[in-house]
Amino acid sequence: MAFFTVKTDAESVRDGGNGNSAYITKSGMYEVIIKQVIVDQTKNGSQVLHLWIEHAGKEQPIYNAMRLTNNDGSANFGQDLFNKLCIVMGALEGNGEISDPVPAQVPMGKGGEMKTVDVLPDFEDQPVHMHVRMEYSMYNDSIQEAKTIRNFFRYEDKATAAEIVNNSDEKGKQYEKEAESIQDSYKNGLTEEDVEAWLAERRSGKKEEPKSNNKPAGGFGAKRTFGRKV
């Protein structure tokens, strides 16, 4: 049984400044190498995917990049984003099925310590473009910062999943559209001015680092048998 089967129906592939720092800390369109897609499970039982990526020569994580299932095991809308990633990386050139996870060592621990995690082998060292949006919200009177992935684009021509499936003559058009409308997201009454002041305090060292919504899931790095062939 495959880990995931790619879908090509219209709803599954529907399409909705650029970063120049090695670390992804701003909303933008980024050219990255996906080193690994890591399969994890939260303490409440939902299935999530973390990304271990390389950008501008720097390897870094994006935790909780896509949530595949809810706590009750039902499908989460994050499956649509993962489906798009599969297509832009060429899944349809094969049989449309993603191989089961396998254990691997990834340097995601403190100080680059190696961690044993479950990864999807089909995605190792694959280049891709992605649209990242920074989201800011309030929780317990503290500002939280999270990276959310809005879309993936094929590396060669910046085509979206929809443009690939529909064999569009305007591949890359959606990329240009999204690149022209990059913006951060502010929730819970926060304003751009609030966040700019907060970031300035962080840079000056007068305020502690933010509480991030991009935290590892509860079971991160634990050995599991989920989805693994026996």
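This text goes with the structure placed above it.
Rules of the game
- Residues numbered from 1 in each chain as written.
- Predicted model: local features only at pLDDT ≥ 70, side-chain atom pairs only at ≥ 80, totals over all residues.
- Heavy atoms only, no water.
- Core = buried A, V, L, I, M, F, W, Y, C linked by side-chain atoms within 4.5 Å.
- Buried < 20%, exposed > 50% of the residue type's maximum accessible area, 1.4 Å probe, protein only.
- Helix = DSSP H or I, 4+ residues; strand = E, 2+ residues; numbered from the N terminus.
- Contact = heavy atoms within 4.5 Å.
- Pairing = 2+ DSSP bridges.
- Salt bridge = Lys/Arg side-chain N within 4 Å of Asp/Glu carboxyl O.
- Patch = residues over 30% accessible without salt bridge, like charges linked within 9 Å, V, L, I, M, F, W, Y side chains within 5 Å.
- Areas by Shrake-Rupley, 256 points an atom, 1.4 Å probe, with all protein chains shown as cover.
- Lys, Arg positive; Asp, Glu negative; His and termini not counted.
- Charge placed at Lys NZ, Arg CZ, Asp CG, Glu CD.
- Polar contact = N/O pair within 3.5 Å; in protein donor to acceptor, adjacent residues only side chain to side chain.
- Phe/Tyr/Trp six-rings, centres within 6.5 Å; stacked < 30°, edge-to-face > 60°.

Attention now goes to the nonpolar core. Phe 82, Leu 85, Met 130 and Phe 152 are the most contacted members of the largest nonpolar core, which totals 37 residues. Going through the elements one at a time, strand E2 (28-41), strand E3 (47-55), strand E4 (58-67), helix H2 (78-88), strand E8 (126-139), strand E9 (142-153) and helix H3 (161-165) are the ones with two or more residues in this core. When residues of this core are assigned to their parent elements, the largest contribution, six residues, is made by H2. If near-sequence neighbours (up to four positions away) are discounted, Phe 82 is found in contact with Phe 3, Phe 4, Leu 49, Met 66, Leu 68, Leu 120 and Phe 123. Trp 52, Tyr 63, Ala 104 and Val 117 belong to the second largest nonpolar core, which has eight residues in total.

It is worth spelling out the pairing of E9 at this point. In this sheet, E9 lies alongside E8 in antiparallel orientation, the contact comprising eleven bridges. Looking at the pairing, His 129 lines up with Phe 153 of E9. If you look at the hairpin formed by E8 and E9, you'll find two residues sitting between the two strands, and Asn 140 has a positive phi there, around 50°.

Moving on, we get to the pattern of salt bridges. Applying the stated criterion to the full structure yields six salt bridges. Where Glu 54 meets Lys 35, a salt bridge forms, and the shortest distance between an N and an O atom there is 3.7 Å. Placement of Glu 54 in strand E3 and of Lys 35 in strand E2 is noted, with a sequence separation of 19 residues between them. Accessibility expressed as a relative area gives 22% for Glu 54, which makes it partly exposed. Owing to a relative accessible area of 18%, Lys 35 belongs among the buried residues under this scheme.

Our next topic: a negative patch on the surface. There is a patch of like negative charges on the surface, built from Glu 192, Glu 193, Asp 194 and Glu 196. Within the secondary structure, Glu 196 sits in helix H5 (residues 192-204).

Moving on, we get to H2. The element H2 is extensively covered by neighbouring structure, given that nine of its eleven residues are classed as buried. Along H2, the positions that sit buried rather than exposed are Gly 78, Leu 81, Phe 82, Asn 83, Lys 84, Leu 85, Cys 86, Ile 87 and Val 88. Looking one or two residues past H2, Gly 90 carries a phi angle of roughly 95°, positive in sign.

With that out of the way, let us pick up the environment of Asn 76. Along the chain, Asn 76 falls in the loop between E4 and H2. Take Asn 76: its relative accessible area is 12%, and that puts it in the buried class. For Asn 76, the contacting residues outside a window of four places in its chain are Arg 67, Leu 68, Thr 69 and Asn 70. For Asn 76, the side chain forms a polar contact with the side chain of Asn 70, separated by 2.7 Å. A distance of 2.9 Å separates the side chain of Asn 76 from the backbone nitrogen of Gly 78, its partner in a polar contact.

Time to look at the packing of aromatic side chains. Here the structure, examined in full by the defined rule, presents six aromatic pairs. Arranged with centres 4.7 Å apart and planes meeting at 65°, the rings of Phe 4 and Phe 82 form a pair that is edge-to-face. One exposure class covers both Phe 4 and Phe 82, and it is buried. Ring plane angle 75° and centroid distance 6.2 Å describe the contact between Tyr 136 and Trp 198, whose orientation is recorded as edge-to-face. One end of the pair, Tyr 136, is in strand E8; the other, Trp 198, is in helix H5, with 62 residues separating them in the sequence.

Along the chain, Glu 145 turns up in strand E9. Polar side-chain contacts of Glu 145 include one of 3.3 Å to the side chain of Tyr 136. One polar contact links Glu 145 to Arg 202, side chain to side chain, over a distance of 3.3 Å.

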